[in-house]
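# What the coordinates show
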There are 2 protein chains.
Amino acid sequence: MCYQCNYEDLLSAARLDATGNRLRVLEVIGNNSYPLSATTIFKTLERSCSINRVTVYRILDLLVEHELVDRISTGGRAFYYGMAPNAHHHPHPHFYCKRCGQMDCLTPDSLSVDSDGLWKTFPGRIDKVEVRVDGICKNCMK
Amino acid sequence: MCYQCNYEDLLSAARLDATGNRLRVLEVIGNNSYPLSATTIFKTLERSCSINRVTVYRILDLLVEHELVDRISTGGRAFYYGMAPNAHHHPHPHFYCKRCGQMDCLTPDSLSVDSDGLWKTFPGRIDKVEVRVDGICKNCMK
DNA sequence: AAATCCCATGCAAATCTATTGCATGGGATG
DNA sequence: CATCCCATGCAATAGATTTGCATGGGATTT
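Every chain is numbered on its own, with residues counted from 1 as its sequence reads. Chain labels run from A onward and ligand labels from 1 onward, assigned in the order the entries are written. Only residues with pLDDT of at least 70 get local features here, since the model is predicted, and only at 80 or more are side-chain atom pairs given and counted; chain-wide, interface and lining totals rely on the full set of residues. Just so you know, side-chain values use all the structure's heavy atoms and leave hydrogens and water out.

Further remarks concern the protein's contact with DNA strand D. Lining the immediate environment of DNA strand D, one finds 20 residues, of which Arg 22, Thr 55 and Arg 58 of chain A together with Tyr 57 and Phe 79 of chain B sit closest. For each residue, the test is whether any non-hydrogen atom lies within 4 Å of the molecule or strand; if one does, the residue is near. Within 4 Å of the protein, the contacting atoms of DNA strand D are drawn from sugar and phosphate to the extent of 63%. Here a phosphate oxygen of DNA strand D and a backbone polar atom of Asn 52 of chain A are 3.0 Å apart. Counting residues per element, the surface near DNA strand D draws most heavily on helix H4 (residues 53-65) of chain B, which supplies five residues. Here the surface near DNA strand D is composed, by residue class, of eight nonpolar, five polar and seven charged. Here a polar contact means two N or O atoms within 3.5 Å. Within protein one must be a hydrogen donor candidate and the other an acceptor candidate, and residues neighboring in sequence count only if both atoms are side-chain atoms. Runs of E in the DSSP output that reach at least two residues are strands. Runs of H or I that reach at least four are helices, and both are numbered from the N terminus. Polar here means any residue outside two lists: the nonpolar Ala, Val, Leu, Ile, Met, Phe, Trp, Tyr, Cys and Pro, and the charged Asp, Glu, Lys and Arg; Gly therefore counts as polar.

Rendered as structure tokens:
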């Protein structure tokens, strides 16, 4: 849950109209403590309002493009979506359970990554550094 | 290219029969300096021998399962495959160009990741830590 | 040698995720 | 009012991967 982000402000700061659907998608992502797949976001929204699957995909693309939302790759087939780094959300690694597909956020410093050297020397454009730990979560270990 | 790995030995060490197809898949992966998608591997093999796409997928699954090959997620839709860490191949981060889809290997120490703490404290099983840098490569920047 | 079994492979179809093309309708603007 | 833009919906398509079922060759057993 994020009690600090104002989703309308985030949208308008990105110069995007705060349509009902965009707000709802952003809220589902922001109110969750771990990243979600497009399908999960769609199914969540479907329960409370009428929205099309394609609209969800398009809104996700838009939010990713405007860097409000982060598209995170998993050890599985689908992308997951979480809040992009901002004043209230620091970049952090994720844990992906290959058994149940649940993705968890790790604390920003549970894994320390030093990418300073790379940013200076890399002969291309770096957009982001993604760190993911794969394995089996506590629940699935039982 | 890897001149140090003997692919038949790798297969037999994993207690797998060294069939022609398995050897060929492993060679394509090992002889390449960066990870490849299943489709690329299939198309490469198709040029020199008769093999079915599904067979390639099944062999890849098998090699990943036996930890001879690493399944690497990209910023795109398909998985890429590279040699798994072994005596001649140390774990290393990758760079993924979102424009051309090319994936490059970075040197093991271009990004230093300290995951020691996590391995000790994490309440589940950790199989691997994947580090990927996303951006646009030198060529595509032109 | 014949019968049996296992397993690698092939082929077709299905599945899952995501994307594209086209239509519509509401709100803003001229 | 006429026009344009854009968010959305629906249907179809695309791309990657997986599944189900058949086959055939080699090893093992009888």
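Moving on: the protein's contact with DNA strand C. In the vicinity of DNA strand C lie 19 residues, with Tyr 57 and Phe 79 of chain A together with Arg 22, Thr 55 and Arg 58 of chain B positioned nearest. Close to the protein, within 4 Å, the atoms of DNA strand C are drawn from sugar and phosphate at a rate of 65%. Backbone polar atom of Asn 52 of chain B to a phosphate oxygen of DNA strand C: 3.0 Å apart, as the coordinates give it. The contact in question runs from a phosphate oxygen of DNA strand C to an N or O atom on the side chain of Thr 55 of chain B, over 2.4 Å. Listed by contribution, the elements that provide at least two residues to the surface near DNA strand C are helix H4 (53-65) of chain A together with helix H2 (20-30) and H4 of chain B.

Attention now goes to helix H3 (residues 38-48) of chain A. Residues and elements named next belong to chain A. Ala 38, Ile 41, Phe 42 and Leu 45 are the residues of H3 that are buried. Buried residues in H3, looked at end-on, bunch into an arc of 100°, giving them a common side. Here, two residues are considered to be in contact whenever any of their heavy atoms come within 4.5 Å of each other. Where H3 is buried, its residues touch helix H2 (20-30), strand S1 (36-37), H4 and strand S3 (80-83). Whether a residue is buried, partly exposed or exposed follows from its accessible area with a 1.4 Å probe, protein chains only, as a fraction of its type maximum: under 20%, in between, or over 50%, in that order. In this context, the arc is that of the directions from the helix axis out to the C-beta atoms.

It is worth spelling out the interface of chain A and chain B at this point. Contacts between the two partners involve 34 residues from chain A, matched on the other side by 34 residues from chain B. By buried area we mean the combined loss of accessible area, with a 1.4 Å probe, across both parts when two parts are placed together. Across the chain A/chain B interface, buried area totals approximately 2,700 Å², and carbon plus sulfur atoms make up 59% of it. Three residues stand out in chain A for area buried against chain B, namely Leu 118, Arg 125 and Arg 132 of chain A, and they jointly supply 17% of the buried area on that side. Between Glu 130 of chain B and Arg 132 of chain A there is a salt bridge, with the nearest N and O atoms lying 3.1 Å from each other. Linking chain A with chain B are 14 residue pairs in polar contact (both at pLDDT 80 or more), by the criterion used here. Of all the secondary-structure elements, those providing two or more residues to the side of chain A that touches chain B are strand S6 (112-114), strand S7 (125-136) and helix H6 (138-141) of chain A. Take the side of chain A that touches chain B: its biggest share by element is twelve residues, from S7 of chain A. For the side of chain A that touches chain B, a count of residues per class yields 15 nonpolar, nine polar and ten charged. Salt bridges, as used here, are contacts in which a Lys or Arg side-chain nitrogen is within 4 Å of a carboxyl oxygen on Asp or Glu.

What follows is about the side chain of His 94 of chain A. Residues and elements named next belong to chain A. Tracing the backbone shows His 94 in strand S4 (residues 94-97). Here His 94 falls in the buried class, since its relative accessible area comes to 7%. A distance of 3.1 Å separates polar atoms of two side chains, one belonging to His 94 and the other to His 92.

All right, on to the layout of surface pockets then. Space inside the second largest pocket adds up to approximately 1,200 Å³. In this analysis the probe radius is 1.4 Å and the grid spacing 1 Å, with only protein atoms considered; a cavity is a set of points the probe fits into but cannot get out of, a pocket is an open set with protein on both sides within 12 Å along at least five of seven lines, and lining residues have an atom within 4 Å of a point. Forming the walls of the second largest pocket are 47 residues, and the residues nearest its centre are Asp 70, Met 83, Ala 84, Pro 85 and Lys 128 of chain B. Mapped by element, the contributors of at least two residues to the lining of the second largest pocket are S7 of chain A together with H2, H4, strand S2 (69-73), strand S3 (79-83) and strand S7 (125-136) of chain B. The element that contributes the greatest number of residues to the lining of the second largest pocket is S7 of chain B, accounting for six residues. Of the residues in the lining of the second largest pocket, the class split is 23 nonpolar, 13 polar and eleven charged. Grid points are joined across faces, edges and corners, and a volume is the space filled by probe spheres set on the points.

Honestly, it's all geometry; don't read function into it.
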